[in-house]
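These are the residues of each chain, in order.
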Amino acid sequence: MDERIEAHAETLADWSARIERGDDVVLAVADGAHDLAVATARVLGERGANLLSLYRSDEIQRAYLRAYDGEFDTDPEYQRALYEHADSVLFLGGGRNTAATADVPGDRLNAYGRARKAIREARMDTDWVSTVHPTRSLAQQAGMSLPAYEEFVYDAVLRDWEALAAEMADLKEILDEGSEVRLVGERTDLTMSIEGRTAVNSAASVAYDSHNLPSGEVFTAPDSPEGHVTFDVPMTIRGKRVRDVRLTFEDGVVTDYGAAVNADVIGEVLKTDEGARRLGELGVGMNRGIDRPTDSILFDEKMAETVHLALGRAYDACLPDGESGNDSAVHVDLITNMDEGSRLEVDGEVIQRDGRFRWEDGF
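Residues numbered from 1 in each chain as written. Predicted model: local features only at pLDDT ≥ 70, side-chain atom pairs only at ≥ 80, totals over all residues. Heavy atoms only, no water.

1. Regarding the overall build of the protein
Right, so step 1: When you go through the protein residue by residue, the secondary structure sums to 11 helices and 19 strands.
Right, so step 2: Since a compact globule built from 363 residues should have a radius of gyration of about 21 Å, the 20 Å found for the protein is in line with a globular shape.
Right, so step 3: Along the three orthogonal principal directions, the C-alpha set of the protein runs to about 50 × 50 × 45 Å.
Right, so step 4: With 363 residues in all, the protein has 52% of them scored as buried.
Right, so step 5: The long-range fraction of contacts in the protein, counting pairs at least 24 apart against all pairs at least 6 apart in sequence, stands at 72%. (Helix = DSSP H or I, 4+ residues; strand = E, 2+ residues; numbered from the N terminus. Rg over C-alpha atoms; globule rule 2.2 N^0.38 Å. Buried < 20%, exposed > 50% of the residue type's maximum accessible area, 1.4 Å probe, protein only. Contact = heavy atoms within 4.5 Å.)

The structure is reproduced here in structure tokens:
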């Protein structure tokens, strides 16, 4: 087996999920992620964890959702119980077709999401971690050969996470102490409150309240956005390619939207529930091992010199004890480049200009 796959599995279990002897672990394996699953299972066995593996497939999900007739049962107990009793859930992404669910009606996807809300919350209450194994479909979506894509993935995953965590701590401190963020670009001018919020130093480990491998972002839960923003990094949402999404916020709510391609997808997301029209996340990408968009949110939102905002659910780790953040059945990330002419301000002070932070050369 490729030594990089073994290293990926060890990083996932030890640094990211912090697996310990006796932990009950659900391993959810997507199409094409077999080799990473085998390597991870070996590591879990060596660590003395209990393992249950599940097979996940977008094509299976498509077949089920297109065939289902009527209302979905709300949070089937057998499914919820699995996650309520698990210590960790490890998602190994892959896939054979990144557009497998493109022809599932949007209202059906929304209904299914609403009907599985408690299951999703139970899953997120575990020490869950999501990662991806490089497959041909993902390489094709990224516009890369498989060997080149493998190099890209492992450059992003197998890095000195402690060193990156130390760098990102500077931005976390600024956001923790700040009250207002302003995002400015050629087609963007948006202000958001971060008063009383706690930023997450997302260093690819549950020890940092971080659940993605790779990671490399600092994120928080904004409130009361005002203004407009354009997201110029193309991405696939619900199996459809979306470009140049435009959102306008008034009194904290999306009042107008558009996109150069597939604006209807954004409309479907916004109709999911009341919380889908509000922001749940402000994230700043800081992983310079991710140097190009690949149409995979797991990587693209961590890309250096980008900022992303998410419609929908806020993460509890960013909120004061006892406070409920934005609640929704969706969490849809949208990304904008912080290129020439852009800036990120906190309480009127420029923290990032043209993609460079104030502690970096070239600021």
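2. Details of the nonpolar core
Right, so step 1: Of all hydrophobic cores here, the largest spans 84 residues; its most connected members are Tyr 149, Ile 237, Leu 247, Phe 299, Leu 311 and Leu 334.
Right, so step 2: Viewed by domain, this core spans two of them, domain 1 (3–157) and domain 2 (161–357), each represented by three or more residues.
Right, so step 3: Residues within four places of Phe 299 in sequence aside, it is in contact with Val 132, Tyr 149, Phe 152, Val 153, Ala 156, Pro 214, Ile 290 and Thr 294.
Right, so step 4: Ranked by size, the runner-up nonpolar core spans nine residues in total, among them Val 26, Tyr 83, Phe 91 and Ala 122. (Core = buried A, V, L, I, M, F, W, Y, C linked by side-chain atoms within 4.5 Å. Domains from an automatic or database assignment.)

3. Examining the domain arrangement of the protein
Right, so step 1: Per the domain assignment, the segments of the protein are domain 1 (3–157) and domain 2 (161–357).
Right, so step 2: Distance from the C-alpha centre of domain 1 to the C-alpha centre of domain 2: 23 Å.
Right, so step 3: If you look at the interface, domain 1 gives 36 residues, while domain 2 gives 34 residues.
Right, so step 4: Summed over the three residues of domain 1 that lose the most area to domain 2, namely Trp 15, Asn 110 and Phe 152, the buried surface amounts to 22% of that side.
Right, so step 5: The tally of links from domain 1 across to domain 2 stands at two salt bridges.
Right, so step 6: A salt bridge links Asp 327 to Lys 117, with the nearest nitrogen and oxygen atoms 2.5 Å apart.
Right, so step 7: Within the residue set of the side of domain 1 that touches domain 2, elements represented by two or more residues are α1 (3–16), α5 (106–115), α6 (117–124), β4 (129–132), α7 (136–142) and α8 (146–157).
Right, so step 8: The element that contributes the greatest number of residues to the side of domain 1 that touches domain 2 is α8, accounting for six residues.
Right, so step 9: Split by residue class, the side of domain 1 that touches domain 2 holds 17 nonpolar, 12 polar and seven charged. (Buried area = accessible area lost by both parts, 1.4 Å probe. Salt bridge = Lys/Arg side-chain N within 4 Å of Asp/Glu carboxyl O. Nonpolar A, V, L, I, M, F, W, Y, C, P; charged D, E, K, R; others polar.)

4. Some words on the sheet that holds strand β13 (residues 253–258)
Right, so step 1: Ordered by their spatial adjacency, eight strands build an open sheet running β13-β12-β9-β6-β5-β17-β18-β19, and the pairing between neighbours is antiparallel. Each edge of the sheet is formed by a strand with only one pairing partner; in this case those strands are β13 and β19 (356–357).
Right, so step 2: Sheet analysis places strand β9 (residues 223–231) next to strand β12 (residues 245–250), joined by five bridges and oriented antiparallel. Along β12, the bridge assignment pairs Thr 230 with Arg 246. (Pairing = 2+ DSSP bridges.)

5. Some points on helix α9 (residues 161–177)
Right, so step 1: Between its terminal C-alpha atoms α9 stretches 24 Å, which fits the 24 Å expected from 17 residues at 1.5 Å a residue.
Right, so step 2: A bend of about 30 degrees at Met 168 is the largest found in α9.
Right, so step 3: For α9, the full list of buried residues reads Trp 161, Leu 164, Ala 165, Met 168, Leu 171, Ile 174 and Leu 175. (Expected span 1.5 Å × (residues − 1). Bend = angle between axes of the 7 residues up to and from the residue.)

6. Focus: a negative patch on the surface
Right, so step 1: A cluster of acidic residues, Glu 186, Asp 339, Glu 340 and Asp 354, forms a negative patch on the protein surface.
Right, so step 2: Structurally, Glu 340 can be placed in the loop between β16 (331–337) and β17 (343–346). (Patch = residues over 30% accessible without salt bridge, like charges linked within 9 Å, V, L, I, M, F, W, Y side chains within 5 Å. Areas by Shrake-Rupley, 256 points an atom, 1.4 Å probe, with all protein chains shown as cover. Lys, Arg positive; Asp, Glu negative; His and termini not counted. Charge placed at Lys NZ, Arg CZ, Asp CG, Glu CD.)

7. A look at the packing of α1 against α8
Right, so step 1: Where α1 meets α8, the closest approach of the two axes is 11 Å, and the angle between their N-to-C directions is 35 degrees. With respect to the hand of their crossing, α1 and α8 are arranged in left-handed fashion. Residues Arg 4, Ile 5 and His 8 of α1 form the contact with α8, whose participating residues are Glu 150, Glu 151, Tyr 154 and Val 157.
Right, so step 2: Classifying every residue of the contact of α1 with α8 by side-chain character gives three nonpolar, one polar and three charged. (Axes fitted to C-alpha atoms, helices over the stretch in contact; angles between N-to-C directions. Left-handed = near helix turned anticlockwise from the far one by under 90°.)

8. Structural notes on the pairing of β12
Right, so step 1: Residues Val 245, Leu 247 and Phe 249 of β12 are buried on one face, while the alternating residues Arg 246, Thr 248 and Glu 250, pointing to the opposite face, are not.
Right, so step 2: Taking the residues that link successive antiparallel strands as the turn, the β12-β13 hairpin has two residues, and the phi of Asp 251 there is positive, at about 55 degrees.

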